[in-house]
Amino acid sequence: MDVSLAERIEELQNGGGLLESAAANIRHWLTGGFLSPESLASLTELVETSNAEELNNRFYKNIAFGTGGLRGRTIGATSTTAEKGDMDQTGVPASPGVGSNMLNEYTVAKATIGLFEYARKYLEKKGSVFVPKLVIAHDVRHFSRYFCELSASVWTRCGGEAFIFDGPRSTPQLSFTVRSLGATCGVVITASHNPPHDNGYKAYFEDGGQLVPPNDQGVIHEVESAPLSGLQDYLAIDLDAVKTLGQEHDEAYIAAVVETVIDRSALDGSDLKVVFTPIHGTGAVSTLPALETFRLAPLLVEKQMVQDSNFPTVKSPNPENAEALNLAIELSEREGADILLGTDPDCDRMGVAVKNDEGKMVLVTGNQIGAILADYRIRKLKSMGWIPQEGTQSAALIKTFVTSPMQDAIARKHDIKTINTLTGFKWIGEKLRLYEQELKASYEKEFGSSLDYDQLSHKERCELLQKYSTFYVFGGEESYGYLPTDSVRDKDGNAASVIFCELAASLKKEGRTVLDYLDSLYLQYGYFLESLGQIVYEGAAGAAKIENILKSYRSNPPTEFLGAKVSKFTDFGVETVVDPDGKEIPKQDLYFLRLENDYRYAVRGSGTEPKIKFYLFGSESVADESALEAAKSKTRENLERLKEAILNDANQRSES
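One structure accompanies this document, and this report is about it. (Residues numbered from 1 in each chain as written. Predicted model: local features only at pLDDT ≥ 70, side-chain atom pairs only at ≥ 80, totals over all residues. Heavy atoms only, no water.)

## Comments concerning the overall build of the protein chain
The condition that has to hold: Strands are runs of DSSP state E lasting at least two residues, helices are runs of H or I lasting at least four, and both sets are numbered from the N terminus onward. Whether a residue is buried, partly exposed or exposed follows from its accessible area with a 1.4 Å probe, protein chains only, as a fraction of its type maximum: under 20%, in between, or over 50%, in that order. Contacts are residue-level and defined by heavy atoms, with any inter-residue pair within 4.5 Å sufficient. Here the Shrake-Rupley method, with its probe set to 1.4 Å, supplies the accessible areas, and only the displayed protein chains count as covering residues. The charge count treats Lys and Arg as positive and Asp and Glu as negative. His and the chain ends do not count. Note that the charge is assigned to NZ on lysines, CZ on arginines, CG on aspartates and CD on glutamates.
Scanning the protein chain for helices and strands turns up 20 helices and 21 strands. Along the first, second and third principal axes, the C-alpha set of the protein chain runs to 80 × 60 × 55 Å. When each of the 656 residues of the protein chain is scored for burial, the buried share is 60%. A separation threshold of at least 6 residues defines the contact pool for the protein chain, and within that pool the share at least 24 residues apart is 71%. Summing over all exposed atoms, the protein chain offers an accessible surface of approximately 25600 Å²; the carbon and sulfur share of this is 47%. Taking the average place of the 68 positive charges on the side chains of the protein chain and the average place of its 94 negative ones, the gap between the two points comes to 4 Å.

## A look at the sheet that holds strand E5 (residues 198-205)
Applied cut-off: Any two strands with at least two DSSP-identified bridges between them are counted as paired. Fitted lines through C-alpha atoms serve as axes, helices being fitted only where they are in contact, and the angles separating the N-to-C directions of these axes extend from 0 to 180 degrees.
As summarised here, the arrangement of the six strands in space is E1-E5-E4-E2-E3-E6, forming an open sheet in which the pairing is mixed. Strands with a single pairing partner mark the edges of an open sheet, and in this sheet they are strand E1 (69-73) and strand E6 (243-244). Sitting on the sheet, helix H8 (residues 171-181) is in contact with strand E2 (133-138), strand E3 (161-164), strand E4 (185-189) and E5, with an inclination near 160° to E2.

## Topic: the packing of helix H3 (residues 37-48) against helix H4 (residues 52-59)
Using the following cut-off: Angle categories are assigned with fixed cut-offs, so that under 35 degrees is roughly parallel, over 145 is roughly antiparallel, 65 to 115 is roughly perpendicular, and the rest are oblique. Crossings are assigned a handedness: left-handed for a near helix turned anticlockwise from the far helix by less than a right angle, right-handed for a clockwise turn. Here the nonpolar group is Ala, Val, Leu, Ile, Met, Phe, Trp, Tyr, Cys and Pro; Asp, Glu, Lys and Arg are the charged ones; every other residue, Gly included, is treated as polar.
Two elements in contact, H3 and H4, have axes whose closest approach is 8 Å; the angle formed by their N-to-C orientations is 135°. Taken together, H3 and H4 sit at an angle that is classed as oblique. For the pair H3 and H4, the crossing hand works out as left-handed. Contacts from Leu-43, Leu-46 and Val-47 in H3 reach Glu-54, Leu-55, Arg-58 and Phe-59 in H4. Counted by class, the contact of H3 with H4 contains five nonpolar, no polar and two charged residues.

## Brief notes about helix H2 (residues 20-31)
Our working rule: One fewer than the residue count of a helix, multiplied by 1.5 Å, yields its expected span. Directions are taken from the helix axis to each C-beta atom, and the arc is the one they span.
An ideal rise of 1.5 Å per residue puts 16 Å on 12 residues; H2 measures up with 17 Å between its terminal C-alpha atoms. Three or more residues of H2 are buried, namely Ala-22, Ala-23, Asn-25, Ile-26, Trp-29 and Leu-30. End-on, the buried residues of H2 take up no more than an arc of 165°, which puts them together on one face. Turned more than 90 degrees away from the buried face of H2 sit Glu-20 and Thr-31, all of them exposed. With its phi angle positive at about 80°, Gly-33 sits one or two positions after the end of H2.

## What to know about the nonpolar core
To be explicit about the condition: By convention a nonpolar core is built from buried Ala, Val, Leu, Ile, Met, Phe, Trp, Tyr and Cys residues, the set being connected through side-chain atoms within 4.5 Å.
The biggest cluster of nonpolar side chains holds 112 residues, and the ones touching the most others in it are Phe-500 and Phe-614. For this core, the element with the highest residue contribution is helix H17 (residues 493-509), accounting for 10 residues. Once residues lying within four places of it in the same chain are set aside, the contact partners of Phe-614 are Ser-531, Leu-532, Gly-533, Ile-535, Tyr-553, Tyr-601, Ala-602, Val-603, Ile-646, Leu-647 and Ala-650. One finds Phe-116, Leu-150, Cys-185 and Ala-203 within the second-largest nonpolar core, a separate group that totals 58 residues.

## With respect to the packing of aromatic side chains
Threshold: Aromatic rings from Phe, Tyr and Trp, with only the six-membered ring used for Trp, were paired whenever their centres fell within 6.5 Å, and each pair was classed as stacked if the ring planes differed by under 30 degrees, edge-to-face if by over 60, and tilted otherwise.
Summed over all chains, the structure comprises 20 aromatic pairs. Ring plane angle 55° and centroid distance 5.7 Å describe the contact between Phe-176 and Tyr-253, whose orientation is recorded as tilted. In this pair, Phe-176 sits in helix H8 while Tyr-253 sits in helix H10 (residues 247-259), placing the two residues 77 residues apart along the sequence.

## As for the state of the cysteines
Stated precisely, the cut-off is as follows: Pairs of cysteine sulfur atoms within 2.5 Å are what we label disulfides.
Under the defined criterion, the tally for this structure stands at zero disulfides. Counting only cysteine sulfurs, Cys-501 is the nearest neighbor of Cys-347, a cysteine outside any disulfide, at a range of 13 Å. Overall, Cys-347 belongs to the buried group, its relative accessible area being 0%. By relative accessible area, which is 0% here, Cys-501 ends up buried.

## Here we look at the sheet that holds strand E21 (residues 611-620)
The sheet built from six strands is open, its strands ordered E16-E21-E20-E19-E18-E17 with antiparallel pairing. The sheet is open, and its two edges are formed by strand E16 (527-536) and strand E17 (560-561), each paired on a single side. Lying over the sheet, helix H19 (residues 539-555) contacts strand E18 (564-571), strand E19 (590-595), strand E20 (600-605) and E21, oriented at roughly 50° with respect to E21.

## Let's talk about helix H6 (residues 105-126)
Basically, it comes down to this: Side-chain atoms alone can form a polar contact between residues adjacent in sequence; in general such a contact is a pair of N or O atoms within 3.5 Å, and within protein one must be able to donate a hydrogen while the other accepts it.
Between its first and last C-alpha, H6 extends 32 Å over 22 residues, near the 32 Å set by a 1.5 Å rise per residue. The backbone nitrogen of Tyr-106 lies 3.1 Å from a side-chain oxygen of the residue at the head of H6, namely Asn-104. Directly after H6, the chain includes Gly-127, whose backbone phi takes a positive value near 80°.

Have a look at this one:
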């Protein structure tokens, strides 16, 4: 390292605002010998221009390979001359940003080497003679294709087999293809609906689900153990040994999406009018062919059909946000559509709006979508004889703790088992793996032969799982993620779009709307309303504030809000919580508080974004149809007041 550069780092650390941890990482990267000339020039420029804030954000820590993988900035807040290169007309840099806390060629290569090492040792321990097999998909984000090809190249250079698609594909298709190919691991290059400057590296294991214990910690250990030194030998992309997946793999996944419809007659001859938008992402790749199978031809938001890394027509490519669906709403109201469907960039989430009596489109929340689909599918499974009319504890609805308790009420009414999991669809995927394993073990014990689970139809799985294990009827989370069957082991925006059309078409044939159906559920189960409060804290200083809030909840939990005492406080980080299957919930910094008026809320830090989230739940009983509007109004007002009080309290805790 140049003497003057070393002196400048020392000066910035002593009086220029450079954090000690950032300085240490910068020195490591400058002296490691793995940086390309362009990266070295970028880092030198940041130091010489005394950009301490940018250096801190890029280097204050090593980007964490969490239990789901990597996610973070791939484009810095300030890009260097070398990173800019020949920028395109939208001002996007030509290369990822250098930094230990950035998603770039170094952190991606390091992660892939670590993942390979874990997969190799895993297979070796099993006595397998096969080399580790990896499937990689990517969305439309900046550098996604580059990171995909780099990961595949690194994997084959390590000695494994790597498979990629010929272009962007959805996250659920990756999950499906890992299973269909019998791969050891899968990776999706995506940051879901994060801002355009972010990207991510999301890891899956052989069951098609995200990493869970003990594999998650094993992979994390190997990734952290992989040295930065020597990375330069992996950065030249070589695709000679990488296999590109053909059309048959798309067709197989689309067939699985089509099979999620349990009553095809609902869509036969349907005059359902649908608007669809992938919000510049991968959604159209599989959703549209699946809908065409049922002779549905949605009206398309043409401006958003273009796969564009900048997501130019929206502030955020997130169907949770009303603004992201504005163009779809305009088209729907102009054309008189019954429903509109919008998926996020990697198409694992789906948002919905439906027509009201005045012809206006009304947004439906993730919790409402989940409740409607859960109730519809359970009723349909009963009417078609798939599960007993009186219910069974051998069938389960699976949801997260922070998803509406209305779904718990629905499952209780139908007398099926409810399983609550930690936040993150990987825990739902883990349940599906355990149910599959239980079935296979019981089947082999009884018949003396193994069961080819993946060759079973949905109905065959339903019958066998109820006999030997637990049949999964539906699952989801409040953040617009749903999964109707276990052919995929992650939330699936393609399948969700298709089954929502099944629901809406069935109701239209009965002369009812989605909103009619939702109100009928409130009359049965009571009115439920949810709200999300969140505070965003950027950068190193923000991470400390989030930590302050989480620690203070454990050491000094709230005792009351707005005159209502906290009647129950559950700390999932220290308490032992067991689900209805007898499985202990893993420890996590999640807090659940119930007030004496039965309003409740949960607190957790986001695992993928620099924010802390507060999930609020309100409910009121409804005597009859005439009392419904008053219950809605009362709950809405109470929940907003509670959210304001909780956020004010959190801001005070952040400074403690």
